[in-house]
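# Architecture and fold: a report
Okay, here's what each chain looks like letter by letter:
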Amino acid sequence: MASYDKEIIRDLIDGTLPWQSTKSIMSQYKDDDRFFKYIDILQERVKFNDQILLPIGEHLYIVAKKSEPQGERVVKCGCGYEFGHYTNNWKLNAVINVRDEEEEIAEIYPGRHSYDPGWMEIREFICPGCATLLEVEAAAPGYPIVFDFLPYLETFYRDWLGRELPAETSGE
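From a predicted model like this one, the values you see are computed outputs, not experimental measurements. (Residues numbered from 1 in each chain as written. Predicted model: local features only at pLDDT ≥ 70, side-chain atom pairs only at ≥ 80, totals over all residues. Heavy atoms only, no water.)

## Comments concerning the packing of aromatic side chains
Scanning the entire structure with this criterion turns up 10 aromatic pairs. Each ring, one from Phe35 and one from Phe36, has its centre 5.4 Å from the other, and the planes form 85°; the classification is edge-to-face. The class for Phe35 is buried, based on a relative accessible area of 16%. Relative to Phe83, the ring of Tyr81 lies with its centre 4.9 Å away and its plane at 75°, an arrangement referred to as edge-to-face. With relative accessibility at 29%, the residue Tyr81 sits in the partly exposed group. Clustering of aromatic rings is evident, with ring pairs tying together Phe35, Phe36, Phe156 and Tyr157. Just above the ring of Phe125 sits the side chain of Lys91; from NZ or CZ to the centre is 5.0 Å. A cation sits over an aromatic face here: Arg163 above Phe36, 3.6 Å from the ring centre. (Phe/Tyr/Trp six-rings, centres within 6.5 Å; stacked < 30°, edge-to-face > 60°. Buried < 20%, exposed > 50% of the residue type's maximum accessible area, 1.4 Å probe, protein only. Lys NZ or Arg CZ within 6 Å of the ring centre and 35° of its normal.)

Following this line, the structure appears as structure tokens:
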């Protein structure tokens, strides 16, 4: 089994490896510490010191807080904005732009590519801290905001990574 250093993993994340190298890495068994190399690279890139436990989006992370309440697991944007406990839907604490009028829809889907706003709306979830677009969902008007997934962090760390997750001292 091949083992890759952090520089190769960094290039893989950034999409700067040649396709043949990328394909080879993707096709092989994963080295045991790749997830932790990945987390280390992400940790270097964010604007906070809380320990990243799991990335859940391009700019979103479940972290263990180092400040009070210490150890609490929350969702954070890369800028440091905190969305609340990871068992709650982070989207409810985001700025939400709903595209439900023809003019707004035409900005993205002009002309014949458009759709009927009576049947669908586009919801854009934006970080209040840095204005980064974090996620977009399309849904029928009135449909509840989707809670994408709730990971079993303890099981993932114990059964998949072979490590214990840092204890959560408080939370919901």
